[in-house]
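# Understanding the architecture of this molecule
The chain contents come next:
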Number of protein chains: 2
Amino acid sequence: MQITSRFTIAVHIITAIDYFQKTRRVSSEFLAGSVGVNPVIVRNVIGMMREAGILRTQKGSGGAELTRPLSDISLYDIYKAVDCVDSEAGLFHFHEQPNPECPVGRNIHQALDESLAEIQRVMEEKMRSVSLADISERTRQAIGKEAETE
Amino acid sequence: MQITSRFTIAVHIITAIDYFQKTRRVSSEFLAGSVGVNPVIVRNVIGMMREAGILRTQKGSGGAELTRPLSDISLYDIYKAVDCVDSEAGLFHFHEQPNPECPVGRNIHQALDESLAEIQRVMEEKMRSVSLADISERTRQAIGKEAETE
DNA sequence: CCGACCTGTAACATGATATATTACAGGTGT
DNA sequence: ACACCTGTAATATATCATGTTACAGGTCGG
C-alpha cells in the first residue's frame, strides 16, 4: 500500500506554479511536462485543489494562481485536497466482519480504534507542520547549488 | 487509499491467540470464525508473522503460539510483519518521471523526500509505542464491562 | 496404522483503484 | 475567426486486496 502519487504530483504542481508564474503562463500542458504525467491528470489534481480553495484557475486563457502565500499551505492541506485517504474510513482499513459471538471479535474494534486514530493524528500533525514554503525554499536552494557547480 | 486490513486482522489474531490459547486449540478455522474472513487469509497472515518471528505454528496438530510476551510485540512489529507498506518504496508513492530538464522537476524529489521520510517516521514511532499488551488489556476490559451489565 | 484434523501453499476469480489516454464542449484573448 | 486553454466524461489497463477451492503433507488419538 502506498499513498497515491497524486499527493507528490500536487506538491510538485504548487511548487512549479510558484516558481514559474512570474515568467511564463503555467498551463496544464506545461505542468504535465514538468511532472511527467498526462495533462488530464494535472487538470484533475488542479481541480481538486481548486475545490479545496488552494488555487484559482482561468478557463480559456489558462494558468493557475495560488489563493494564498506558500507559507499558508501545508502538506496536510494538499493531502486532504487530493483525497489521499477516505476521510470517513480513515487511514486504516478495519476488517469488516469480526464475529459478534466471540468476545474478542465484538470488542477488538473498540479496543484498537483509539490507537489507530492516534497514529493517524500524529502523522497528520506532522504534515501540518510542513509548509509549501519549506518545500519551495529547499527546491530553490537545490537549484541554486546546481548553478554554483556549473 | 487505506492500509490493508491484513493489519487489523493480524492484531485481532494475536489478541485472540492470547485470549484463547489456555482454554482451547486455536486453529486457523477457529480464528477465521472470530475475524470473519476466509481461513486461508488467516493462514497467510499467520505465515507472515511466523516469518517475522512473532509466533510459532505446529503443522498437523494445529494451533499457534506466541514467541514472546504481548508487551514485547508492538503495532509496528505487526505492521512490518504483514507488509503494509513496501519497505523500500516507503509510505508515499512519488511520481516516477519528473522532468530532468525542468529545474523544479529535477529537484523536487530531493526537496520533498526529507519531509516525507519524517512523516513516515513519526507515524512508525507512534506505532512502536503501542504494544499488543495494551490492546489485549483494553479488549479484556471491554469484555469485563459486558459482564457487569448482564 | 488409519482416519480425522490440521497447516502451507498454489491457483484462480473478482472487484476496486490508480493511472493513462482520447475526445470534446465551452471559455478567452488577439 | 482562430489558437489555445480548461473541465470533464468515457474508456483502457495494470496492479492489488480479498475470497475461494484444492491438495499435499504433518500430527495424533484410537
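Read on for an overview of the structure. (Residues numbered from 1 in each chain as written. Chains lettered and ligands numbered in written order. Predicted model: local features only at pLDDT ≥ 70, side-chain atom pairs only at ≥ 80, totals over all residues. Heavy atoms only, no water.)

## Concerning helix H1 (residues 6–20) of chain B
A turn of α-helix holds 3.6 residues, and therefore any two residues three or four places apart point the same way. All names here are of chain B. End to end, H1 covers 20 Å across 15 residues, agreeing with the expected 21 Å (1.5 Å per residue, within 8%). Within H1, 12 of the 15 residues are buried, leaving the element largely enclosed by the surrounding structure. Burial in H1 covers these residues: Phe 7, Thr 8, Ile 9, Ala 10, Val 11, His 12, Ile 13, Ile 14, Thr 15, Ala 16, Ile 17 and Phe 20. (Helix = DSSP H or I, 4+ residues; strand = E, 2+ residues; numbered from the N terminus. Expected span 1.5 Å × (residues − 1). Buried < 20%, exposed > 50% of the residue type's maximum accessible area, 1.4 Å probe, protein only.)

## Notes on the protein's contact with DNA strand D
Around DNA strand D sit 26 residues in total, of which A:Ser28, A:Thr57, B:Thr4, B:Ser5 and B:Lys59 are the nearest. Of all DNA strand D atoms lying within 4 Å of any protein atom, the proportion belonging to sugar or phosphate reaches 64%. The contact in question runs from a base nitrogen of DNA strand D to an N or O atom on the side chain of A:Arg43, over 3.0 Å. Looking at which element gives the most residues to the surface near DNA strand D, the answer is helix H3 (residues 39–51) of chain A, with 4 residues. For the surface near DNA strand D, a count of residues per class yields 5 nonpolar, 14 polar and 7 charged. (Near = heavy atom within 4 Å. Polar contact = N/O pair within 3.5 Å; in protein donor to acceptor, adjacent residues only side chain to side chain. Nonpolar A, V, L, I, M, F, W, Y, C, P; charged D, E, K, R; others polar.)

## Description of the packing of aromatic side chains
Within this structure, the stated rule accounts for 10 aromatic pairs over all chains. With a centroid separation of 6.3 Å and an interplanar angle of 85°, the aromatic rings of A:Phe7 and A:Tyr79 are classed as edge-to-face. Separated by 72 residues along the polypeptide, A:Phe7 in helix H1 (residues 6–20) and A:Tyr79 in helix H4 (residues 75–81) bring together distant segments of the chain. Summarising the burial analysis for this pair, A:Phe7 and A:Tyr79 share the class buried. Between B:Tyr19 and B:Phe20, the aromatic rings sit 5.0 Å apart at their centres with planes inclined by 80°, giving edge-to-face as the arrangement. Through a chain of ring-to-ring contacts, the aromatic side chains of A:Phe7, A:Tyr76, A:Tyr79 and B:Phe92 assemble into a single cluster. The ring of A:Tyr76 has A:Arg128 sitting right over it, with the charged end atom 4.1 Å from the ring centre. (Phe/Tyr/Trp six-rings, centres within 6.5 Å; stacked < 30°, edge-to-face > 60°. Lys NZ or Arg CZ within 6 Å of the ring centre and 35° of its normal.)

## Regarding the interface of chain A and chain B
In this assembly, 58 residues from chain A lie in contact with 58 residues from chain B. Both sides together, the interface formed by chain A and chain B hides about 5200 Å², and carbon and sulfur atoms give 66% of it. Taken as a group, A:Met1, A:Gln2 and A:His95 account for 14% of the area that chain A buries against chain B, more than any other trio of residues on that side. One can count 4 salt bridges joining chain A with chain B. Two residues, A:Glu146 and B:Arg106, come together in a salt bridge whose shortest N-O distance is 2.7 Å. Linking chain A with chain B are 30 residue pairs in polar contact (both at pLDDT 80 or more), by the criterion used here. (Contact = heavy atoms within 4.5 Å. Buried area = accessible area lost by both parts, 1.4 Å probe. Salt bridge = Lys/Arg side-chain N within 4 Å of Asp/Glu carboxyl O.)

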